[in-house]
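Residue-level listing of the chains:
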Amino acid sequence: MTAPAPAAQAPAAPAPTTPVVPAPPDTAAAVAAGLVAPQAKLPAPRPRALAVGLRTIGPLALLGIWALASATGALTQDVLASPAQVVEAVGEIWRNGQLADALSVSLTRAGLGLLFGAGIGLVLGVVTGFFRLGEELLDSAVQVLRTVPFLALVPLFMVWFGITETAKVALIGVATSFPMYVSTAGGVRNTDRKLIEAMRSFGLGRWAIVRTVVLPGALPALLSGLRLSMTLSVIALIAAEEINSTEGIGYLMAQAQNYSRTDILAVCILIYGVLGLLADGIVRVLERVLMPWRAQGATR
């Protein structure tokens, strides 16, 4: 008997193959193929001395044109004194104490008016921007008053307060309150509502949310409003000191006008300009202190 043939074995299943992941090319090959990671080119920080130098080019150019026009006779003394004569006038009114007294009085007026006006604008802006009832009750009335030029209030304030410091400070306060109000109300309304609801879920009250969330979130708008208010405080100071002033920069200008002293008039005008420049500089410093991340991330 012959042995039975062995049964044919079933073919073995192919072993599973693992996909081969190609190794990343080396740096040289990637550079040759142009496969390099993009690199952002950040602007190099500008040196502080260079920035200051660039800012002084404009004023120095104006000063040079002024001096050249005076030296060539294109600008006569009865029209405008030369820079040298203006410097002499500064020394004259400084030695006799007129300039120091006028600066002290004018800065006090502008500071008090700005304090009251910006404070009132800040409070009204928070109330109308955060509380619906406040917006419904106050916003329309404030918007109506905002459209009235503050110079139109001069006769009314003279009737109310007379020719006193109160009228001058009140006029500056009215002029500076509305820019602060508009900026504050807009900044408060743009605060992240989800963040406010999250703080409410943690049990914070309304005024606590305003203090800890709303005001810090609206800080850029608040500083923008403060910049406008400080600038308007100088403009309103000029108008306020025209109300029969007996002291201050405006009184110094009136006396110079009576005696046709164009050198002292130029000094007073330059003082107003420097005050406006200092106001803007103070706000810039506040922005760097209160919002340092903006200064670090700004492109120069």
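Rules and cut-offs
- Residues numbered from 1 in each chain as written.
- Predicted model: local features only at pLDDT ≥ 70, side-chain atom pairs only at ≥ 80, totals over all residues.
- Heavy atoms only, no water.
- Phe/Tyr/Trp six-rings, centres within 6.5 Å; stacked < 30°, edge-to-face > 60°.
- Buried < 20%, exposed > 50% of the residue type's maximum accessible area, 1.4 Å probe, protein only.
- Helix = DSSP H or I, 4+ residues; strand = E, 2+ residues; numbered from the N terminus.
- Axes fitted to C-alpha atoms, helices over the stretch in contact; angles between N-to-C directions.
- Left-handed = near helix turned anticlockwise from the far one by under 90°.
- Nonpolar A, V, L, I, M, F, W, Y, C, P; charged D, E, K, R; others polar.
- Core = buried A, V, L, I, M, F, W, Y, C linked by side-chain atoms within 4.5 Å.
- Contact = heavy atoms within 4.5 Å.

> When you look at the packing of aromatic side chains in this model, what are you seeing that I'm missing?
Aromatic ring pairs are reported here in terms of the distance separating the ring centres and the angle at which the planes meet. Overall, the coordinates contain five aromatic pairs when judged by the stated rule. Relative to F131, the ring of F130 lies with its centre 5.0 Å away and its plane at 90°, an arrangement referred to as edge-to-face. Neither F130 nor F131 differs from the other in exposure class; each is buried. Summarising the aromatic geometry, the rings of F157 and F161 are spaced 5.7 Å apart at their centres and angled 75° between planes, so their arrangement reads as edge-to-face. Within this pair, F157 and its partner F161 are both found in helix α6 (residues 154-161), separated by four residues, close to a single helical turn. By relative accessible area, F161 is classed as partly exposed at 32%. By the ring-pair criterion, three or more aromatic residues cluster together here, those being F130, F131 and W207.

> Even after reading the chapter, I still don't get the packing of helix α4 (residues 98-130) against helix α7 (residues 165-189), so can you show me in this structure?
Any two packed helices are characterised by how steeply their axes cross, that is the angle between the axes, and by the distance between the axes. For the pair α4 and α7, interaxial distance at closest approach is 5 Å and the crossing angle is 35°. The handedness of the crossing between α4 and α7 is right-handed. A per-class count over the contact of α4 with α7 returns 15 nonpolar, ten polar and four charged.

> Hey, could you run me through the nonpolar core in this one?
Residues L171 and I264 are the most contacted members of the largest nonpolar core, which totals 33 residues. Contributing elements (two or more residues each) for this core: α3 (83-95), α4, α6, α7, α10 (219-240), α11 (249-258) and α12 (262-290). Here the element with the most residues in this core is α12; it accounts for seven residues. Apart from residues lying up to four places away in sequence, L171 is in contact with F150, V154, F157, A236, A239, A240 and I243. Ranked by size, the runner-up nonpolar core spans 21 residues in total, among them M180, V188, A218 and M291.

Purely spatial values, then, with no claim about function.
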